[in-house]
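Commentary on secondary and tertiary structure
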Amino acid sequence: FGPVARASNLVFASTWLAVTVLGWRAGRHARASAHRRWMIRSAVLTFSILTNRIWGPLAFLALQSQRASSFHGDETFFAWTIAGLST
(Lines give C-alpha, C1' and ligand atoms only; values in the text may rest on other atoms or scores of the structure.)
Protein backbone atom coordinates (compact mmCIF):
# COMPACT_ATOMS: atom_id res chain seq x y z
CA PHE A 1 0.00 0.00 0.00
CA GLY A 2 2.83 2.41 -0.58
CA PRO A 3 5.77 3.96 1.23
CA VAL A 4 3.80 5.43 4.16
CA ALA A 5 2.33 2.08 5.14
CA ARG A 6 5.67 0.35 4.64
CA ALA A 7 7.48 2.81 6.91
CA SER A 8 4.73 2.71 9.53
CA ASN A 9 4.70 -1.08 9.63
CA LEU A 10 8.47 -1.19 9.92
CA VAL A 11 8.51 1.26 12.83
CA PHE A 12 5.63 -0.48 14.63
CA ALA A 13 7.11 -3.95 14.17
CA SER A 14 10.62 -3.04 15.29
CA THR A 15 9.35 -1.04 18.27
CA TRP A 16 6.99 -3.85 19.31
CA LEU A 17 9.77 -6.44 19.03
CA ALA A 18 12.24 -4.33 21.04
CA VAL A 19 9.72 -3.56 23.79
CA THR A 20 8.65 -7.21 24.03
CA VAL A 21 12.25 -8.45 24.22
CA LEU A 22 13.04 -5.90 26.94
CA GLY A 23 9.98 -7.06 28.89
CA TRP A 24 10.95 -10.70 28.48
CA ARG A 25 14.51 -9.99 29.63
CA ALA A 26 13.24 -8.10 32.69
CA GLY A 27 11.03 -11.06 33.54
CA ARG A 28 13.91 -13.51 33.14
CA HIS A 29 16.01 -11.41 35.54
CA ALA A 30 13.19 -11.33 38.14
CA ARG A 31 12.62 -7.59 37.83
CA ALA A 32 8.83 -7.75 38.18
CA SER A 33 8.21 -4.00 38.17
CA ALA A 34 10.23 -3.40 34.98
CA HIS A 35 8.73 -6.53 33.39
CA ARG A 36 5.21 -5.25 34.06
CA ARG A 37 5.95 -1.82 32.59
CA TRP A 38 7.56 -3.23 29.43
CA MET A 39 4.81 -5.78 28.88
CA ILE A 40 2.11 -3.14 29.27
CA ARG A 41 3.89 -1.17 26.56
CA SER A 42 4.02 -4.30 24.43
CA ALA A 43 0.28 -4.90 24.90
CA VAL A 44 -0.51 -1.27 24.02
CA LEU A 45 1.54 -1.52 20.82
CA THR A 46 -0.17 -4.81 19.96
CA PHE A 47 -3.62 -3.30 20.35
CA SER A 48 -2.53 -0.20 18.45
CA ILE A 49 -1.41 -2.32 15.50
CA LEU A 50 -4.70 -4.26 15.60
CA THR A 51 -6.75 -1.06 15.82
CA ASN A 52 -4.95 0.36 12.81
CA ARG A 53 -6.22 -2.63 10.81
CA ILE A 54 -9.77 -1.54 11.64
CA TRP A 55 -9.26 2.04 10.41
CA GLY A 56 -8.48 0.85 6.86
CA PRO A 57 -11.95 -0.50 5.98
CA LEU A 58 -13.60 2.42 7.79
CA ALA A 59 -11.55 4.94 5.79
CA PHE A 60 -12.33 3.00 2.60
CA LEU A 61 -16.06 3.21 3.29
CA ALA A 62 -15.89 6.88 4.28
CA LEU A 63 -13.92 7.93 1.17
CA GLN A 64 -15.52 5.61 -1.38
CA SER A 65 -17.98 8.26 -2.51
CA GLN A 66 -15.11 10.69 -3.24
CA ARG A 67 -13.08 8.28 -5.35
CA ALA A 68 -14.05 9.88 -8.68
CA SER A 69 -13.86 13.51 -7.54
CA SER A 70 -11.13 13.90 -4.93
CA PHE A 71 -8.91 11.10 -6.23
CA HIS A 72 -9.68 11.68 -9.97
CA GLY A 73 -10.41 7.95 -10.30
CA ASP A 74 -6.78 7.04 -9.55
CA GLU A 75 -6.88 3.67 -7.76
CA THR A 76 -3.25 3.86 -6.64
CA PHE A 77 -3.66 7.29 -5.07
CA PHE A 78 -6.86 6.13 -3.39
CA ALA A 79 -5.20 2.97 -2.00
CA TRP A 80 -2.16 4.90 -0.76
CA THR A 81 -4.40 7.45 0.95
CA ILE A 82 -6.35 4.72 2.71
CA ALA A 83 -3.11 3.02 3.73
CA GLY A 84 -1.69 6.30 5.04
CA LEU A 85 -4.81 7.01 7.05
CA SER A 86 -4.96 3.52 8.52
CA THR A 87 -1.31 3.29 9.46
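This section reports on the structure supplied with the text.

The rules behind the values
- Residues numbered from 1 in each chain as written.
- Predicted model: local features only at pLDDT ≥ 70, side-chain atom pairs only at ≥ 80, totals over all residues.
- Heavy atoms only, no water.
- Salt bridge = Lys/Arg side-chain N within 4 Å of Asp/Glu carboxyl O.
- Helix = DSSP H or I, 4+ residues; strand = E, 2+ residues; numbered from the N terminus.
- Polar contact = N/O pair within 3.5 Å; in protein donor to acceptor, adjacent residues only side chain to side chain.
- Contact = heavy atoms within 4.5 Å.
- Expected span 1.5 Å × (residues − 1).
- Buried < 20%, exposed > 50% of the residue type's maximum accessible area, 1.4 Å probe, protein only.
- Arc of directions from axis to C-beta.
- Phe/Tyr/Trp six-rings, centres within 6.5 Å; stacked < 30°, edge-to-face > 60°.
- Lys NZ or Arg CZ within 6 Å of the ring centre and 35° of its normal.

Time to look at the pattern of salt bridges. Scanning the entire structure with this criterion turns up one salt bridge. Between Arg67 and Glu75 there is a salt bridge, with its nearest N and O atoms 3.1 Å apart.

Turning to the side chain of Arg67, a few remarks are in order. Relative to the assigned elements, Arg67 resides in the loop between α2 (32–63) and α3 (75–86). Separated by 3.1 Å, the side chains of Arg67 and Glu75 make a polar contact. Each residue touching Arg67, except ones within four places of it in the same chain, is listed here: Phe60, His72, Gly73, Glu75 and Phe78.

All right, on to α3 then. The terminal C-alpha atoms of α3 lie 16 Å apart, and with twelve residues this matches the ideal 16 Å at 1.5 Å per residue to within 8%. Of the residues making up α3, those classed as buried are Phe78, Ile82, Ala83 and Ser86. In a view along the axis of α3, the buried residues occupy a sector of 130°, so they form one face of it. Tucked into the core, α3 has its buried residues touching α1 (3–28) and α2.

Here we come to the packing of aromatic side chains. A complete count under the given rule lists three aromatic pairs for this structure. When the ring of Phe71 is compared with that of Phe78, the centres are 5.1 Å apart and the planes differ by 80°; the resulting orientation is edge-to-face. Given the relative accessible area of 6%, Phe71 is considered buried. Of the residues examined, Phe78 reaches a relative accessible area of 3% and is grouped as buried. Ring pairs connect the aromatic residues Phe60, Phe71, Phe77 and Phe78, which therefore count as one cluster. Taking NZ or CZ as reference, Arg41 lies 4.5 Å from the ring centre of Trp38, over its face.

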